[in-house]
Amino acid sequence: MASQTQPNGLSRAERKALEKAKLVQKETQRNNFKLVGRILKKAECERTEEEHALLKGHEDTVQELSKRQARRNILKRKQEELFDDEEDLRTKVKQLAEAMRQARHVVIYTGAGISTAASIPDYRGPNGVWTQLQKGRAIRYTDLSEAEPTLTHMCIQMLHKVKMVQHVVSQNCDGLHLRSGLPRHALSELHGNMFIEVCVSCSPVREVIRLFDVTERTALHRHATGRRCAHCRGELRDTIVHFGERGTLEQPLNWKGAAKAAEQADLILCLGSSLKVLKKYACLWCMNKTAAKRANLYIVNLQWTPKDDLATLKIHGKCDDVMRLLMKELGVEIPTYNRFEDPIFSSATSLRPDEEDSHSRKTLVPPAAMEVSNSDSTVQADEAGVQGGWFGRGYSKARKKRKTT
Ligand SMILES: [Zn+2]
């Protein structure tokens, strides 16, 4: 029976013996790795004769372990934040400014790094959301509604206004580009906008802008915000695109605009993005064009990015520092953020009375309300809040509530 041959020409007993031998070999190898690894951790002068001999006897293992260590070192280096010194930064920004003056079609790609100055955590920086999760730490919920457009957002808005930048593609969901006053047609928010909920039952898709983070109850593949469309009673959903999802909403994602901009671009400036996600979107990089026909790539990021090798110039600096220098070099004034001009306040839709308890996130305080909170005249409050459908009614309700508490 034992000699019964199998299709591969081995008897059952032989096969078993072979499997056992393989297991033993694996176990031996594992032990060798442990042993050699432990010796390699010691300084050379501290190793005994016996250990030196052992290393000599296991050269393959030593090599494999050294390779692994090298890979770990590269990974570590890629995560490190580097800073160009002041002079380097100045020289590099001059070069960027010159390139921008020469360019016909400039497109900016932005990532979480441009919002860190607004205390929104980035993803892969040393304190980023992703890094913290990797280390098994809990994420502290920072109230995103507190954030205001940063100097970088304001510079970008201005550069678009003076026609030095044609389009902005952002992976941020914080809505700060729109709040800076950048027009919607010039923006693609590839991963959505936390202030916008939409009704996809309405045709065309109906968009509702809120003054609070609408994503409180939403998650991967679960997008209903819990509120309903005022027109068709359909479920409202958020616009956020999570890791592993494919964003199909026309707005605020504006993929068409992004692809067209990338196609036309002769200069792409990446600001504060690790590009690890953006690199996967083929249409942003036009890799089907020959290198000579592709846009020149300028990258501002503290950490390594997978596009560094393709970049004309890599600048290791904080976005706000680089943009401040760049604007000076270009002779363009940096506007300051002004709450009164923040379009979110005039475009937001107020909650109906029955919806008021539909969220618990902090609501953005309209500028009129901020001003009036220093004054005691309610009449003035209504006059100051004339522009929007929201703040006249919404604000006075909020104030009445506050008075009674
Ligand atoms: Zn609807």
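The protein is annotated in an unreviewed UniProt entry as NAD-dependent protein deacetylase sirtuin-7 of Silurus meridionalis. Listed in UniProt under the heading Sequence similarities (unreviewed entry), the comment for the protein reads: "Belongs to the sirtuin family. Class IV subfamily." What the UniProt record of the protein gives under Cofactor (unreviewed entry) is the line "Zn(2+)".

A. Inspection of the environment of His231 at higher detail. Along the chain, His231 turns up in the loop between strand 6 (224-228) and strand 7 (235-238). On the basis of neighbour count, His231 is assigned to the exposed category, with 10 C-beta atoms found within 10 Å. Along the backbone, His231 and Cys202 are 29 residues apart, and their C-alpha atoms lie at a distance of 8.0 Å.

B. Fine view of the sheet that holds strand 9 (residues 296-300). The strand order 3-2-1-8-9-10 describes an open sheet built from six strands, whose pairing is parallel. Pairing within the sheet leaves two strands with one partner each, and these edge strands are strand 3 (187-189) and strand 10 (313-315). On average, each strand axis in the sheet is inclined to that of its neighbour by 15°, with strand direction left out of account. When strand 9 meets strand 10, the two strands line up parallel, connected through three bridges. Each bridged residue has a counterpart across the sheet, and for Val300 the counterpart in strand 10 is Ile315. Lying on the sheet, helix 8 (residues 255-264) is in contact with strand 1 (106-110), strand 2 (167-170) and strand 3; it crosses strand 2 at an angle near 120°.

C. Region of the structure containing the environment of Arg352. Secondary-structure assignment places Arg352 in the loop between helix 10 (344-347) and helix 11 (367-372). Through-space distance from the C-alpha of Arg352 to that of Ala230 is 9.0 Å; in sequence the pair is 122 residues apart.

D. Representation of the sheet that holds strand 7 in the model. In space, the four strands of this open sheet follow the order 5-4-7-6, with antiparallel pairing throughout. Two strands close off the open sheet at either side, each with one partner strand: strand 5 (206-209) and strand 6. Neighbour-to-neighbour, the strand axes of the sheet open up by a mean angle of 35°, direction not taken into account. Note that strand 4 (residues 196-199) and strand 7 share two bridges and pair antiparallel.

E. Region of the structure containing the UniProt feature "binding site: Zn(2+)" (unreviewed entry) in the protein. On the UniProt side, "binding site: Zn(2+)" (unreviewed entry) is annotated at positions that read Cys199, Cys202, Cys229 and Cys232 here. Taken along the chain, the residues just named run across 34 residues; in space they keep tight, none of their C-alpha pairs more than 8.6 Å apart. Each residue touching Cys199, except ones within four places of it in the same chain, is listed here: Val205, Arg206, Cys229, Cys232, Gly234 and Leu236. Its location among the elements puts Cys202 in the loop between strand 4 and strand 5. Residue classification places Cys202 among the partly exposed residues on the basis of 14 C-beta atoms within 10 Å. Ignoring anything within four residues of it in the chain, the contact list for Cys202 reads Cys229, His231, Cys232 and Gly234.

F. Quick peek at the packing of helix 1 (residues 12-41) against helix 3 (residues 59-79). Where helix 1 meets helix 3, the closest approach of the two axes is 10 Å, and the angle between their N-to-C directions is 65°. Between helix 1 and helix 3, the crossing angle belongs to the class labelled roughly perpendicular. The two elements helix 1 and helix 3 meet at a crossing, and its hand is right-handed. Residue-level contacts link Asn32, Phe33, Val36, Gly37 and Leu40 of helix 1 to Thr61, Val62 and Leu65 of helix 3. Of the residues contributing to the contact of helix 1 with helix 3, the split by class is five nonpolar, three polar and no charged.

G. Here's a closer look at the packing of helix 1 against helix 2 (residues 49-57). It is the contact of helix 1 with helix 2, at a shortest axis distance of 10 Å, that shows an interaxial angle of 125°. Judged by the inter-axis angle, helix 1 sits oblique to helix 2. In this structure, helix 1 meets helix 2 at a crossing whose hand is left-handed. Across the interface between the two elements, Leu35, Val36 and Ile39 of helix 1 pack against Glu51, Leu54 and Leu55 of helix 2.

H. Structural view of unusual backbone geometry. The residue after Ser203, namely Pro204, is reached through a cis peptide bond having omega -5°. Cis geometry marks the peptide bond from Gln251 to Pro252, where omega comes out at 5°. Positioned with a positive phi, Arg233 is a non-glycine residue whose angle comes to about 65°. Structurally, Arg233 is set in the loop between strand 6 and strand 7. What makes Arg233 exposed here is the crowd of 9 C-beta atoms within 10 Å. For Leu275, which is not a glycine, the phi torsion comes out positive at approximately 65°. Along the chain, the position of Leu275 falls in the loop between strand 8 (267-271) and strand 9.

Cut-offs and rules
Residues numbered from 1 in each chain as written. Predicted model: local features only at pLDDT ≥ 70, side-chain atom pairs only at ≥ 80, totals over all residues. UniProt positions renumbered as here; feature names shortened; annotations may be inferred. Helix = DSSP H or I, 4+ residues; strand = E, 2+ residues; numbered from the N terminus. Buried ≥ 20, exposed ≤ 12 C-beta atoms within 10 Å, placed from the backbone. Pairing = 2+ DSSP bridges. Axes fitted to C-alpha atoms, helices over the stretch in contact; angles between N-to-C directions. Contact = placed C-beta atoms within 7 Å. Parallel < 35°, antiparallel > 145°, perpendicular 65-115°, else oblique. Left-handed = near helix turned anticlockwise from the far one by under 90°. Nonpolar A, V, L, I, M, F, W, Y, C, P; charged D, E, K, R; others polar.

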